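So the chains spell out like this:
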Amino acid sequence: MIRYILIFQLILCQYSNGWTQFFDDFSDSDLNSNPVWEGNQDHFVVNEGQMLQLNAPMAGTSILYTQINLPDSIQWDFEISMDFSPSSNNRLRIYLVIDQLDIEVASGYFLEIGENGANDAINFFYLNDGTPELLASGEMSAVAQEPVFARVSIRKFPEEEWVVSTAYQENVPLSEELVFNHDLYNFTGNQFFLLECHYTASRTDRFFFDNIGIRNYEPDMEGPILLGAELLDPRTLEVQANEKLDAQSALSEENYTLEGFSGSISSIELINGDTGIRLVLNDVLESGKYYDLKVNGLLDVNGNRGESNSYIIFVIEDPLPGDIVINEILFNPETGGSDFVEILNVSEKFISLDHIELANLDKQEVKSISADYTMLPGTYLCLTEDVAYVQNRYDTPDTANIVASDLPSFNNDSGNVAIISSETSSIIDSFNYSESLHYPELDDINGVSLERISPFDTKWFSASSSVGYGTPGYQNSVFLNPSFSESAVLSFKNKTFSPNQDGVDDQLVIKYKFPENGYQVDINVYDQYGRHVRNLLNNELLAATGFLLWNGINDDGELSGIGIYFVVLEAFNVQGDVISVKKPVILADYLK
């Protein structure tokens, strides 16, 4: 399954131009000034997220209000959240303006969220001496499902026109939802803006408010702001603005350039109430490649020109087997420590982790990767339940990619770790680890990770002491990518090695290169007196090129002494061709 990247620009709008009655984002945590909020003040708190939150002691109705004076052209703005599905028993009323606090005899205008049934909408009422009259209703079911979020902007003009704009998701632009005429209310004199929460015992802390403001409405003099660009599929892009766009400007192909793409735009259309643009290409975008979408300054419906923008676009895909490999694992942390698993994107794709799980197949234990992350080609990612511990214990560089995620449990002696697709159940990669894979001469393997020597090979070794015995989120200390440019059948990365875990030539890298595939191979190590030390390969069928390692350990599991050794390769194929090579190496100063 292919998925695509969404890139947003976050816009911070200041509420400071023109006449302002008040604006409260609750960042000062003060309900007693700028503005003064009265009513059931002890039923509300400013929470850690700097939002106004209901915090009532029991079921009932709570109000919070502030006094206001209004101009002829008015704009109200606010954000609300309700962590439940509204009903007539759990509802919200926002009185935009009322002439007195006794609702039973007051006049004014209010919005209501909460009614019986599954079609809850924002309802706009006129209140006449305590009697409500429904003037307009918004989108059916827009506020019916838990949780409810709404960003609302209401404009009232002198010529009796009202315009209600809404957004029911965060980071999306407002769109006009209601337009109607009504002018039976006298806005002069002292007035009140009032919040009324009606709730049952289980909803006493489930109402939230933020960014409440009232100001004089002023004509739009600013150009449109582009909020982001999204690649829906390899041929379709969408660009979203914060307001309605001029059709001629938005539909002009000259305003769009996609650098890195050799094709052209085949169609352009306005979407989302003329606030967005859909571009359809005449050919697909390639996987593993960056594209730069440039959008020239577009006009809004009032003729205001916005700024030009640029967005990096690329195709994101779910991994196939072999695209991601397990590259490092810590399964036996020190006391109080945390396991970690490092994965590596060895493909040329941009990989999504949305449908990827980590598993211990031995225990049939599976955990979804909780990190929202896109892996670029060649990038490492360390997954752990305790990021701070891993960073501090292994003194990781700033470039290390380490994120928090649930992990399956791992035995300290042996077990399995696997990467699985939750959609196809296919195994992307799997590794059966064992403490026997650690360097035998280590006094203590607790806190020592196992590292994959090459992402394209199955050899593993203990992380080096020079990096604190682990390299979570960046290249392994034992990483090896040997060159096979030599013409010799048998060669070495370095003829001298010192297995002392200092991270420098800890193992002898033995490279082989045959004229073709299909050779059966023996490789043995002898000391300078001709005594057999270690059998490394026994009648193995090998590819034409490859490598293997010797860590200085003999067939008895003991470290060999300092000295000269001979590596002997013997090979034959079905055609009867025989190869025999003997070359010396040096095991140097092992420091214990």
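The rules behind these values
- Numbering of residues begins from 1 in every chain and follows the order in which that chain's sequence is written.
- Local features in this predicted model are restricted to residues whose pLDDT is 70 or higher, and side-chain atom pairs enter the listing and the counts only when it is 80 or higher, whereas totals over whole chains, interfaces and linings include all residues.
- Side-chain descriptors were evaluated using all non-hydrogen atoms of the structure, hydrogens and water having been removed beforehand.
- By definition, any uninterrupted DSSP run of H or I lasting at least four residues is a helix, any uninterrupted run of E lasting at least two residues is a strand, and each is numbered from the N terminus.
- Put simply, the radius of gyration uses C-alpha atoms, and a globule should come to 2.2 Å times the residue count raised to 0.38.
- Under the scheme applied here, a residue whose accessible area is under 20% of the maximum for its type counts as buried, over 50% as exposed, and between as partly exposed, the area being computed with a 1.4 Å probe on protein chains only.
- Two residues form a contact once any of their heavy atoms are found within 4.5 Å.
- Areas reported here follow the Shrake-Rupley algorithm with a probe of radius 1.4 Å; residue values treat only the protein chains shown as occluding.
- By the counting scheme adopted, Arg and Lys are positive, Glu and Asp are negative, and His together with the chain ends is not counted.
- The location of each charge is read from NZ of Lys, CZ of Arg, CG of Asp or CD of Glu.
- Within this scheme, the nonpolar core is defined by two criteria: the residues are buried Ala, Val, Leu, Ile, Met, Phe, Trp, Tyr or Cys, and they are joined through side-chain atoms within 4.5 Å.
- Strands were regarded as paired on the criterion that DSSP finds at least two bridges between them.
- Only the contacting stretch of a helix is used when fitting its axis, a line to C-alpha atoms as for every element, and angles between N-to-C directions run 0 to 180 degrees.
- By salt bridge we mean one thing: a side-chain nitrogen of Lys or Arg within 4 Å of a carboxyl oxygen of Asp or Glu.
- The quantity called pLDDT is the predictor's confidence in a given residue, expressed from 0 to 100.
- The definition of a polar contact used here is a pair of N or O atoms within 3.5 Å, where within protein one atom must be able to donate a hydrogen and the other to accept one, and adjacent residues in sequence count solely through side-chain atom pairs.
- Two aromatic rings from Phe, Tyr or Trp, using only the six-membered ring of Trp, form a pair when their centres are within 6.5 Å; if the ring planes differ by under 30 degrees the pair is stacked, by over 60 it is edge-to-face, and anything between is tilted.

**Student:** So what's going on with the overall build of the protein? Which residues, and what values?
**Tutor:** In terms of regular secondary structure, the protein is built from two helices and 45 strands. Against the globule reference of 25 Å for 592 residues, the protein gives a C-alpha radius of gyration of 34 Å, more extended than a compact globule. Once the C-alpha set of the protein is aligned to its principal axes, its extents read approximately 110 × 60 × 40 Å. Considering the protein as a whole, with its 592 residues, one finds that 50% of them fall into the buried category. Considering only contacts within the protein whose residues lie at least 6 apart along the sequence, 62% involve residues at least 24 apart. Approximately 27,300 Å² of the protein is accessible, and the part contributed by carbon and sulfur atoms is 45%. Averaging the coordinates of the 30 positive side-chain charges in the protein and doing the same for the 90 negative ones gives two points 10 Å apart.

**Student:** Hey, could you go over the nonpolar core for me, with residue numbers and the actual values?
**Tutor:** W76, F78, I154, F193 and F209 are the most contacted members of the largest nonpolar core, which has 48 residues in total. For this core, the element with the most residues is strand β8 (residues 74-82), which contributes five residues. Leave out the neighbours within four places in its chain, and F209 touches F26, F44, M51, L52, E79, I80, L92, L195 and C197. Counting residues in each nonpolar core, the second largest holds 26 residues, with L490, V533, L537 and L548 among its members.

**Student:** With reference to specific residues and values, describe the sheet that holds strand β24 (residues 309-313).
**Tutor:** Taken together, three strands build an open sheet; the order of strands is β20-β23-β24 and the sheet is antiparallel. Edge positions in the sheet fall to β20 (256-259) and β24, since each has one partner strand and no second. On average, each strand axis in the sheet is tilted by 20° relative to the strand beside it, whichever way the strands run. Taken together, the four bridges between β20 and strand β23 (residues 291-295) define a ladder with antiparallel strand orientation. Each bridged residue has a counterpart across the sheet, and for Y256 the counterpart in β23 is V295.

**Student:** A description of the pattern of salt bridges should follow, citing residues and the corresponding values.
**Tutor:** Opposite charge on two side chains lets them pair, provided their charged atoms get close. For the structure shown, the criterion picks out 13 salt bridges. Among the ionic pairs, D292 bridges to K294, the shortest N-O distance being 3.1 Å. On the basis of relative accessible area, K294 is assigned to the partly exposed category, the value being 29%. Put simply, D429 and R452 hold a salt bridge, and the shortest N to O gap is 3.2 Å. Here D429, found in strand β35 (residues 427-434), pairs with R452, found in strand β36 (residues 450-452); they are 23 residues apart in sequence, far enough to count as distant.

**Student:** Report on the confidence of the model for the protein, specifying residues and quantitative values.
**Tutor:** Looking at the protein as a whole, the pLDDT averages 89, with 95% of positions reaching at least 70. Under a pLDDT of 50 for its full length, residues 1-19 has, in the predicted model, 61 contacts with residues more than four places off or in other chains.

**Student:** Let's hear about the pairing of strand β22 (residues 276-281): which residues, and what values?
**Tutor:** Bridging between strand β19 (residues 236-241) and β22 involves five bridges; their strand directions are antiparallel. Paired with T236 across the two strands is V280, which belongs to β22. For strand β21 (residues 265-271) and β22, the ladder comprises six bridges, and the chain directions are antiparallel. Residue pairing for β22: I265 is matched across the bridge by L281. Hairpin connection between β21 and β22: a loop of four residues separates the two successive antiparallel strands, and N272 in this loop has a positive phi of roughly 50°.

**Student:** Break down the environment of F84 for me, with residues and values.
**Tutor:** Here F84 shows up in the loop between β8 and β9 (91-98). As a C-alpha pair, F84 and F207 span 123 residues in sequence and 8.8 Å in three-dimensional space.

**Student:** Let's hear about the environment of R91: which residues, and what values?
**Tutor:** Note that R91 resides in strand β9. Placed 12 residues apart in sequence, R91 and I103 show a C-alpha to C-alpha distance of 16 Å. Not counting the four nearest positions on each side in its chain, R91 is found in contact with M82, E112, I113, G114, E196, C197, H198 and F207. In terms of polar contacts, R91 uses its side chain to reach the side chain of E196, at 3.1 Å.

**Student:** Tell me about the sheet that holds strand β40 (residues 508-513), and please be specific about residues and values.
**Tutor:** Taken in spatial order, the three strands of this open sheet run β38-β40-β43, and their pairing is antiparallel. Strand pairing shows two members of the sheet lacking a second neighbour, β38 (490-492) and β43 (545-550), which therefore form its edges. On average, each strand axis in the sheet is tilted by 30° relative to the strand beside it, whichever way the strands run. One ladder, built from three bridges, connects β38 with β40; its direction is antiparallel. Paired with S491 across the strands is K511, a residue of β40.

**Student:** Kindly report on unusual backbone geometry, identifying the contributing residues and their values.
**Tutor:** Here N34 and P35 are connected by a cis peptide whose omega angle stands at 0°. Checked against the element boundaries, P35 lands in the loop between β3 (20-24) and β4 (38-39). Between E146 and P147 the backbone carries a cis peptide bond, its omega angle lying at -10°. As for its position among the elements, P147 is in the loop between β12 (131-137) and β13 (148-156). Its identity is not glycine, yet D395 carries a phi of approximately 45°, on the positive side.

**Student:** Go over the packing of aromatic side chains, please, and point to the residues and values.
**Tutor:** In this description, a pair of aromatic rings is defined by centroid distance and the angle of the planes. In the structure shown here, the tally under the stated rule is 33 aromatic pairs. On the basis of an interplanar angle of 65° and a centroid distance of 6.1 Å, the ring pair of F22 and F193 is categorised as edge-to-face. Here F22, found in strand β3, pairs with F193, found in strand β16 (residues 191-199); they are 171 residues apart in sequence, far enough to count as distant. F193 shares its class with F22; the two are buried. On the numbers, 5.0 Å between centres and 70° between planes, the contact of Y290 with F350 is edge-to-face. Separated by 60 residues along the polypeptide, Y290 in the loop between β22 and β23 and F350 in strand β28 (residues 350-352) bring together distant segments of the chain.

**Student:** Lay out the environment of L381 in plain terms, naming residues and giving numbers.
**Tutor:** If you trace the backbone, L381 turns up in strand β32 (residues 380-384). When the C-alpha positions of L381 and N500 are compared, they lie 28 Å apart, and in sequence the two are 119 residues distant.

**Student:** Could you give an account of the pairing of strand β41 (residues 519-527), with specific residues and numbers?
**Tutor:** By the bridge criterion, seven bridges tie β41 to strand β42 (residues 532-542) in an arrangement that is antiparallel. When the bridges of β42 are listed, V521 appears paired with E540. In textbook terms, the turn of a hairpin is the stretch between consecutive antiparallel strands, and for β41 and β42 this stretch comprises four residues, one of which, G530, has a positive phi near 85°. In this sheet, strand β44 (residues 563-572) lies alongside β41 in antiparallel orientation, the contact comprising eight bridges. Each residue of the ladder has a partner; that of Q520, found in β44, is F572.

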